[in-house]
Amino acid sequence: MQACAVPDARRMLLDGERVDSASGATIPILNPASRSVFAHVPRAGAEDVDRAVKAAAEAFASWRDVPPRERGRMLLRIADSVEAKTEELARIIATETGNALRTQARPEAGLTADIFRYFGGLASELKGETLPLGEHLLSYTRREPIGVVGAIIPWNAPVLLAALKIAPALCTGNTVVLKAAEDAPLGVLMLAGTCQEHLPPGVLNVLTGYGHDCGAALGAHPGVRKLSFTGSTEVGKLIMEQAARRVVPVSLELGGKSPSIVFPDANEDWAVEGIIGAMRFTRQSQSCTAGSRLFLHASIFDEFLEKLVARTSKLRLGDPLDESTDMGAIINEKQFTKVCGYIEEGLGRSDARLAMGGLPPETGPLSEGFFARPTIFADASNDWRLAREEIFGPVLVAIRWEDVDDAIRMANDSHYGLAAFVWSRDIGQALRTAHRVEAGWVQVNQGAGQVLGQSYGGVKQSGIGREFSLEGMLDSFTQKKCVTVNLGLAAP
Ligand code: ADP
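Residues numbered from 1 in each chain as written. Predicted model: local features only at pLDDT ≥ 70, side-chain atom pairs only at ≥ 80, totals over all residues. Heavy atoms only, no water.

Caption draft 1: Geometry of the site of the ligand. Taken together, 18 residues sit near the ligand, with I153, W155, K179, E182 and S232 positioned nearest. Contact between the ligand and W155: an oxygen atom at 3.0 Å from a side-chain N or O atom of the residue. A216 places a polar main-chain atom, nitrogen or oxygen, 3.5 Å from a nitrogen atom of the ligand. In isolation the ligand exposes 560 Å². Once the protein is present, 81% of that is buried. More than half of the atoms of the ligand fall within 2 Å of the grid points belonging to the largest pocket. At the level of elements, strand 8 (175-180), helix 7 (211-220), strand 10 (226-230) and helix 8 (233-246) are the ones that each hand at least two residues to the shell around the ligand. Taken together, the residues of the shell around the ligand break down into 11 nonpolar, five polar and two charged. (Near = heavy atom within 4 Å. Polar contact = N/O pair within 3.5 Å; in protein donor to acceptor, adjacent residues only side chain to side chain. Areas by Shrake-Rupley, 256 points an atom, 1.4 Å probe, with all protein chains shown as cover. 1 Å grid on protein atoms, 1.4 Å probe; cavity = no way out; pocket = protein on both sides within 12 Å on 5 of 7 lines; lining within 4 Å. Sits in = over half its atoms within 2 Å of the grid points. Helix = DSSP H or I, 4+ residues; strand = E, 2+ residues; numbered from the N terminus. Nonpolar A, V, L, I, M, F, W, Y, C, P; charged D, E, K, R; others polar.)

Caption draft 2: Region of the structure containing the packing of aromatic side chains. Scanning the entire structure with this criterion turns up six aromatic pairs. For the pair W441 and Y456, a centre-to-centre distance of 5.8 Å together with 90 degrees between the ring planes defines the contact as edge-to-face. Note that W441 is positioned in strand 18 (residues 441-444) and Y456 in the loop between strand 18 and strand 19 (463-464), a separation of 15 residues in sequence. Judged by centre distance (5.8 Å) and plane angle (85 degrees), the rings of Y456 and F468 are edge-to-face. Of this pair, Y456 sits in the loop between strand 18 and strand 19 while F468 sits in the loop between strand 19 and helix 15 (470-477), placing them 12 residues apart in sequence. Per residue, the accessibility class of Y456 equals that of F468, and both read buried. Chaining the aromatic ring pairs together yields one cluster made of W441, Y456 and F468. It is K226 that lies over the ring of F477; its NZ or CZ is 5.6 Å from the centre. (Phe/Tyr/Trp six-rings, centres within 6.5 Å; stacked < 30°, edge-to-face > 60°. Buried < 20%, exposed > 50% of the residue type's maximum accessible area, 1.4 Å probe, protein only. Lys NZ or Arg CZ within 6 Å of the ring centre and 35° of its normal.)

Caption draft 3: Structural context of the nonpolar core. Core analysis: the biggest nonpolar cluster contains 96 residues, and F116, L178, L199, V262 and L308 have the highest contact counts within it. For this core, the element with the most residues is helix 5 (residues 158-171), which contributes 11 residues. Residues lining this core come from more than one domain, with at least three contributed by each of domain 1 (8-254) and domain 2 (259-444). Beyond its immediate stretch of four places on either side in the chain, V262 contacts I275, L294, F295, L296, H297, I300, F304, W401 and W423. Core analysis: the next-biggest nonpolar cluster, separate from the first, contains 31 residues, I330, V395, A407 and V437 among them. (Core = buried A, V, L, I, M, F, W, Y, C linked by side-chain atoms within 4.5 Å. Domains from an automatic or database assignment. Contact = heavy atoms within 4.5 Å.)

Caption draft 4: The pairing of strand 10, seen in detail. Among the five residues that make up strand 10, five are buried, leaving the element largely enclosed by the rest of the structure. Burial along strand 10 is two-sided: K226, S228 and T230 facing one way and L227 and F229 facing the other are all buried. Pairing analysis gives four bridges linking strand 7 (residues 148-152) to strand 10, with the strands arranged parallel. The partner of A151 across the bridge, within strand 10, is S228. Here strand 10 runs beside strand 11 (residues 250-253); their pairing, made up of four bridges, is parallel. Paired with F229 across the bridge in strand 11 is L252. For the segment spanning strand 10, helix 8 and strand 11, crossover handedness is right-handed. (Pairing = 2+ DSSP bridges. Right-handed = clockwise from strand over helix to strand, strands pointing away.)

Caption draft 5: Expanded view of the sheet that holds strand 5 (residues 130-131). Overall, antiparallel pairing links the three strands, which are arranged 5-6-20 in an open sheet. Single-partner strands in this sheet number two, and they are strand 5 and strand 20 (478-486). As defined by bridge partners, strand 5 adjoins strand 6 (residues 137-145) across two bridges and the pair is classed as antiparallel. Paired with T130 across the two strands is Y140, which belongs to strand 6.

So, in structure tokens, the structure goes:
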């Protein structure tokens, strides 16, 4: 068990106080660009979870009765405070995740402020309905909070994902116990401190710990009335099992293996640029929406690929804090080894053609961190493990198609269904394709990130529930109560 002094800003938030774990144990935090430990955070266990859930349950009694507009105002103040610290927050995110400051960490910090502002503005939208039951009856619904929300998040966009749980859950009158990912807790702890400046104690509690002890204890705690999880499909299933045991509602935002279908009329530079965006190369493709299966029409296959390779080769890998860096490092050794394993598998296939990339450099500055090069395998088959499993690294497979029905069949031949991308100047053809693809989110002619207001989430094993939106907030964080009143003295 490791134990060392943890500065205040790196302590957990529990009942309005900065605390260490009950055991005093800590977790080392690695800088993925240098493979060196640069910080420690508390390692929470079941006892800490219990204290946090109790604090949240106690705070719920009064937080639920704070008028929604007042709760909204607090979220708006948080948004302003986060915005004022964007740069500091961005640098912490870049250091702990390995994501490049310019292309990823700074936009993440900016979007975090926007998330609080968006949900703060929605506080007046917690409306109910009335039922037309005649003059003698008034029947109406109320959107009530659920109680203590147990939220568990991954490391790939840690601060943004924390905000996506905290802001809508608090807006609707719930209280929160959030477990940050063990690989990237520092930005989340900073966000927690900023939130606490504007919230009553206990409304938000943030723990740092490993999944198997802290996460599992949070998932199983009887005081948690709602589970909201973002992470792997594998752990999502465990969370759903925990939720089933106590019949608590659960939201899951899980993995993906998203298809990009390119029609012959999109054999142009804007589509190439869009595919690079869709593949999230500048996040080392550590994104559940990464368009990692590229279905290129046979008539343009080689030409399009050539342009894609030329453009992707220009991406600059390097120090995440350097403003000229496009692409940073993979989060940790486990992921790095996993990504390398997939590349090795592709290199070992006699039927695979390496169009660019390959195994990471073994010498030079990039070998000091977990840097993986953008890698593209051409002439791939949708049956390969590389085309079926979520790699969560910059490995793209390009697959040939001739018949659109075949392209859609292959796109849908996956147990995932998070995002998809369709590329064509023929908008009728593009939309017909978009409607037939099994995915929660299809983008046509762009590979952009999520925007506030969209109902974001997956189908099939990519998840349950929607985030980023008003309806996602209402469905995920409120429960409807119906009140029926007899207005007349006689029975109706
Ligand atoms: P990733 O592969 O992206 O790290 P995981 O699903 O493993 O995704 O992790 C996402 C989050 O789930 C992290 O905060 C992790 O600590 C947590 N976690 C992992 N295992 C469990 C578990 N058994 N119960 C609850 N949470 C877990």
